[in-house]
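Examination of the molecular architecture
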Amino acid sequence: MDRRSFLTLAGAAWFASNLWGRGLWAATATPDAAVVTGGPGEAARAAVEMLGGMGRFVKPGQKVVIKPNMSFPTPPEKGANTHPAVVQAIAAMCSEVGAAEIHILDNPLSSAERCLEASGIQEACRDMGGRVQALTADRFYKEADIEAGEDMKENAFVREVLEADVLIAAPTAKSHGATGVSLGLKGMMGLIRDRGAMHWRYDLDTAIVDLNTRLKADLTVVDGMFVLSTGGPYGPGKVLKEDTVIASPDPVAADALAVEAFAWYGRRFEARQVKHVRLAAERGLGSMDTASLRVKRLAL
């Protein structure tokens, strides 16, 4: 048995033994979101399974793009990049349900090689059947329209995401000097070439929503293991060890729950106080009404 097969079987066995023990197979209605505390890989797997499993989102033969944060040459404990075990678990689940291609992609803000190595994501996903790339050259991008854009009407997108059947957002939960927080919606900026224009040419929050009308994640898995609550997006800053994963097929709901789950800048916020989350909800991309969401919670 090779290492990939072993990890697949180990993951399935772990999930069965833990959830059978908690009687969760008997759960009925699929929730709008799942919030799980525990180790990074186990929590990510459990959260997706609570939503119905990866097979709900990925069908055999499909091409999947996973978008983590891996823009900085820092380890996960610094809070600027997605924990590699979270990305590994997502990629493994995609492989288990028969994805034909798995692309793990980001447009880094530092040296691509250093980001891939220091984030730990490349090494963690080496045997998961996925292709991990930090895309820094123009040849990886293709111009495309944003038909529903209000401010930003076009940009150059990563070619793979334009051709993908499924898009999975896998952001780390972190603060951001310009937008308050950086989660799944904001993280889509790592799949376009010209991010700078979003800062100086357009209203940034409106442009983030424009971008998400073109790149709406089918599944969002927020890594809240190490939350960079100040000093984001790259740190250093105050890191909160929360050991939490939040998952939802609704990208706005996932972000809204993450906003309200953690302390930012030393205080609590409501989702509506984050402009791009509020605008995304107003434009129909999802719900930020966390009180009305059916949320299942699990502590491992």
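The structure we're discussing is the one just above.
Throughout this description, residue numbers start from 1 for each chain and increase along the sequence as written. For this predicted model, a pLDDT threshold of at least 70 governs which residues receive local features, and a threshold of 80 or more governs which side-chain atom pairs are given and counted, while totals over whole chains, interfaces and linings are taken from all residues. Values shown for side chains rest on all heavy atoms present in the structure; no hydrogens or waters enter the calculation.

**So, the overall build of the chain**
Counted only if it meets this: In this description a helix means any DSSP run of H or I spanning at least four residues, a strand means any run of E spanning at least two, and both kinds are numbered starting from the N terminus. The size measure is the radius of gyration over C-alpha atoms, and the globule rule it meets is 2.2 Å times the number of residues to the 0.38 power. Any pair of residues with heavy atoms lying within 4.5 Å of one another is described as a contacting pair.
Tallying secondary structure elements over the chain gives 11 helices and 12 strands in all. In terms of C-alpha radius of gyration, the chain reaches 18 Å, essentially the compact-globule figure of 19 Å for 300 residues. Based on the C-alpha atoms only, the size of the chain along its principal axes is roughly 55 × 40 × 35 Å. Intrachain contacts of the chain at a sequence separation of at least 6 include 73% that bridge at least 24 residues.

**What about unusual backbone geometry?**
Cis geometry marks the peptide bond from G232 to P233; its omega dihedral reads 15°. With respect to the helices and strands, P233 occurs in the loop between strand 10 (219-228) and strand 11 (239-248). Cis geometry is found at the peptide bond from G235 to P236, where omega equals 5°. On the secondary structure map, P236 appears in the loop between strand 10 and strand 11. At D243, a position not held by glycine, the phi torsion is positive, near 50°. Among the structural elements, D243 can be located in strand 11.

**Thoughts on the nonpolar core**
Quick note on the threshold: What we call a nonpolar core is a set of buried Ala, Val, Leu, Ile, Met, Phe, Trp, Tyr and Cys residues that are connected through their side-chain atoms within 4.5 Å. A simple rule labels every residue: compare its accessible area, found with a 1.4 Å probe on the protein chains alone, to the largest value its type can have, and call it buried under 20%, exposed over 50%, or partly exposed in between.
If you look at the biggest cluster of nonpolar residues, it comprises 54 residues, and the most contacted ones within it are M198 and L211. In terms of residues, this core owes the most to one element, helix 10 (residues 251-261), which gives 7 residues. Sequence-distant contacts of L211, defined by excluding residues within four places in its chain, comprise M152, F157, M188, M189, I192 and M198. Residues A44, L116, A247 and L298 belong to the second largest nonpolar core, which totals 43 residues.

**What to know about the packing of helix 9 (residues 204-214) against helix 11 (residues 275-282)**
Put simply, the rule reads: The axes used here are C-alpha line fits, helices contributing only the stretch in contact, and every angle between their N-to-C directions lies in the interval 0 to 180 degrees. Roughly parallel means an angle under 35 degrees; roughly antiparallel, over 145; roughly perpendicular, 65 to 115; everything else is oblique. Take the far helix as the reference: if the near one is turned anticlockwise from it by less than a right angle, the crossing is left-handed, and if turned clockwise, right-handed. The classification used treats Ala, Val, Leu, Ile, Met, Phe, Trp, Tyr, Cys and Pro as nonpolar, Asp, Glu, Lys and Arg as charged, and all other residues, Gly among them, as polar.
Between helix 9 and helix 11, the shortest axis-to-axis distance is 9 Å and the interhelical angle comes to 45°. It follows from the interaxial angle that helix 9 and helix 11 lie oblique. Where helix 9 crosses over helix 11, the two elements pack in a sense that is right-handed. Where helix 9 abuts helix 11, its residues D205, T206, I208 and V209 lie against K275, H276, L279 and A280. The residue inventory of the contact of helix 9 with helix 11, partitioned by class, reads 4 nonpolar, 2 polar and 2 charged.

**As for the pattern of salt bridges**
Note the cut-off: Any Lys or Arg side-chain nitrogen found within 4 Å of a carboxyl oxygen on Asp or Glu counts as a salt bridge.
Tallied over the entire structure, the rule returns 13 salt bridges. For D32, the salt bridge identified is with R294, shortest N-O distance 3.4 Å. Within this pair, whereas D32 is found in the loop between helix 1 (3-21) and strand 1 (33-37), its partner R294 is found in the loop between helix 11 and strand 12 (295-299), the two being separated by 262 residues in sequence. Relative accessible area serves as the criterion here: at 42%, R294 is assigned to the partly exposed category. Residue E270 is joined to R272 by a salt bridge in which the shortest nitrogen-to-oxygen separation is 2.7 Å. Taking the relative accessible area as the measure of exposure, E270 reaches 40% and is therefore partly exposed. Taken together, the shared-partner salt bridges in this structure form one network comprising K63, E160 and E163.

**What about the packing of aromatic side chains?**
Put simply, the test is: Pairing of aromatic rings covers Phe, Tyr and the six-membered ring of Trp, with a centre-to-centre limit of 6.5 Å; geometry is then stacked below 30 degrees between planes, edge-to-face above 60, and tilted otherwise.
By the definition in use, this model includes 2 aromatic pairs. With centroids separated by 6.3 Å and ring planes inclined at 80°, the aromatic side chains of F262 and W264 adopt a geometry described as edge-to-face.

**Overview of the state of the cysteines**
The cut-off we apply is this: Cysteine sulfur atoms that pair up within 2.5 Å are treated as a disulfide.
All told, the structure shown has 0 disulfides when counted by the stated rule. Distance from the sulfur of C94, which forms no disulfide, to the nearest cysteine sulfur (C125) is 10 Å. Using a relative accessible area of 0% as the deciding quantity, one classes C94 as buried. Overall, the relative accessible area of 1% leaves C125 in the buried class.

**Some points on the packing of helix 2 (residues 40-50) against helix 3 (residues 84-96)**
Here helix 2 crosses helix 3 at 45°, and the two axes come no closer than 7 Å. As judged from the angle between their axes, helix 2 and helix 3 are oblique. Considering only the axes of helix 2 and helix 3, their crossing is right-handed. Of the residues in helix 3, those touching helix 2 at P40, G41, A44, R45, V48 and E49 are A85, V86, A89, A92, M93 and E96. Per-class residue counts for the contact of helix 2 with helix 3 are 8 nonpolar, 1 polar and 3 charged.

**Focus: helix 2**
Burial runs high along helix 2: 9 of the 11 residues are buried. All of the buried residues in helix 2 are P40, G41, A43, A44, R45, A46, A47, V48 and M50. Following helix 2 by one or two positions, G52 has its phi on the positive side, about 115°.

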